[in-house]
Amino acid sequence: MSTALVTGASHGIGADLARALAARGHDLVLVARGAESLDALAVELEKEHDVSVRALPADLTVEDDLERVAAAARDVDILVNNAGASLGTSFERTAWADERRLLDLNVVAPSRLVHAALPEMLRRGNGRILTVSSVSALAPVWQGTAYGATKAYELVMTESFAYSRRVRTSPVALTALVLGYTASRFHLGAGIAAPPSSLTLASPYVAERAVRAIHRRRPPVVCVPSLRYKVLAGLLRHTPRRLLTLPGLAKDFTTLTGAVHGSTATVREARNVPDVSVEARVPGPMEPRP
């Protein structure tokens, strides 16, 4: 029986990806900081799907923890890089420690885990890697934070490796899941207002489409799990950037109520940990997470 490792698995899309993989009979290694949530999900999946589930609590921004997860990733058949973070405050107002944590989660951690898993998958002659990106990776229309840049890195990293000769001529496949707005704690935690309901996707639906995609004989390099966002993604990729950055089209998603100099804003890390608030004075250093 094959094994899948899912990061950011304690809540939201990560938990739904784990459920979708378990429903297909995969054993699981679940990674997140919240041990209690992981244990609860592990019990649920073992009971409902008769699979083996290992909870691996880890903070992917801590090098020793990341190396423990990388060691586990070498032995799995499916790697899901789902853990990520966003900050609801513009780049010039955040503390560098928080920006560094964003980069560690969204850039360093997925790179390290792919670096651990991919050579072993190529050696064995099978494997799938799914990395969760975003439509914000496709154009500079979500302004004010480094989040879109980190998602662009995940997308381009996936494409670069997937189209390399070594991978292209093997049974191994890499896929970037390009998400639109998905109902979860992620956007709420980042202080991003919800779009119209017509543009909101359900997390279980997204997870099922993503898992179905990586189980194809030839998985897509880029998976956009809805027609509406496929159209949007195509427009973002091919519309001249000068037009996309016009004031009427470009949006700054970092504007929070009260997020002005000397006021207090709430910033939450998403997907990798439970929904815990961190109060931050803006500008100025942000409190570390408990």
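Residues numbered from 1 in each chain as written. Predicted model: local features only at pLDDT ≥ 70, side-chain atom pairs only at ≥ 80, totals over all residues. Heavy atoms only, no water.

**Some thoughts on the overall build of the protein**
Broken down by element type, the protein carries 10 helices and 13 strands. Residue burial in the protein is summarised as follows: out of 290 residues, 54% are buried. Partitioning the intrachain contacts of the protein with sequence separation of at least 6 by distance along the chain shows that 69% fall at a separation of at least 24. Put simply, the protein shows about 13200 Å² of open surface, and 56% of that area lies on carbon and sulfur atoms. (Helix = DSSP H or I, 4+ residues; strand = E, 2+ residues; numbered from the N terminus. Buried < 20%, exposed > 50% of the residue type's maximum accessible area, 1.4 Å probe, protein only. Contact = heavy atoms within 4.5 Å. Areas by Shrake-Rupley, 256 points an atom, 1.4 Å probe, with all protein chains shown as cover.)

**Observations regarding the sheet that holds strand 2 (residues 27–32)**
Taken in spatial order, the seven strands make up an open sheet running 3-2-1-4-5-7-10, and their pairing is parallel. Of all the strands in the sheet, just strand 3 (53–57) and strand 10 (222–223) have a single pairing partner and so form its edges. Here helix 5 (residues 147–162) sits on the sheet and contacts strand 5 (128–134), strand 7 (173–179) and strand 10; the angle it forms with strand 5, its principal contact strand, is near 150°. (Pairing = 2+ DSSP bridges. Axes fitted to C-alpha atoms, helices over the stretch in contact; angles between N-to-C directions.)

**With respect to the confidence of the model for the protein**
Taken residue by residue, the protein gives an average pLDDT of 81. The fraction at 70 or more is 71%. Overall, residues 256–290 carries pLDDT values under 50, and its contacts beyond four positions in sequence, including any with other chains, amount to 99 contacts. (pLDDT = per-residue confidence, 0-100.)

**As for the packing of helix 1 (residues 12–23) against helix 8 (residues 203–214)**
When two helices pack together, their arrangement is captured by the angle between the axes and the distance separating the axes. With their axes 8 Å apart at the nearest point, helix 1 and helix 8 run at an angle of 50° to one another. As the angle between them shows, helix 1 and helix 8 are arranged oblique. The two elements helix 1 and helix 8 cross, and the hand of that crossing is right-handed. For the pair helix 1 and helix 8, contact is made by Gly-12, Ile-13, Asp-16, Leu-17, Ala-20 and Leu-21 and by Ser-203, Pro-204, Ala-207, Glu-208, Ala-210 and Val-211, respectively. (Parallel < 35°, antiparallel > 145°, perpendicular 65-115°, else oblique. Left-handed = near helix turned anticlockwise from the far one by under 90°.)

**Re the packing of helix 1 against helix 2 (residues 35–49)**
For the pair helix 1 and helix 2, interaxial distance at closest approach is 10 Å and the crossing angle is 25°. With respect to helix 2, the axis of helix 1 lies roughly parallel. Along this stretch, helix 1 crosses helix 2, giving a crossing that reads as right-handed. Judged by residue contacts, Ala-15, Ala-18, Arg-19, Ala-22 and Ala-23 of helix 1 engage Leu-41, Glu-44, Leu-45 and His-49 from helix 2.

**Concerning the side chain of Asn-106**
Take Asn-106: it is sitting in helix 4 (residues 96–124). Among the residues examined, Asn-106 registers a relative accessible area of 0% and is labelled buried. For Asn-106, the side chain forms a polar contact with the main-chain nitrogen of Ala-85, separated by 2.9 Å. Within the local environment of Asn-106, its side chain forms a polar contact with the side chain of Thr-150, the two groups lying 3.1 Å apart. Aside from chain neighbours lying at most four places away, what touches Asn-106 is Ala-83, Gly-84, Ala-85, Tyr-147, Thr-150, Lys-151 and Glu-154. (Polar contact = N/O pair within 3.5 Å; in protein donor to acceptor, adjacent residues only side chain to side chain.)

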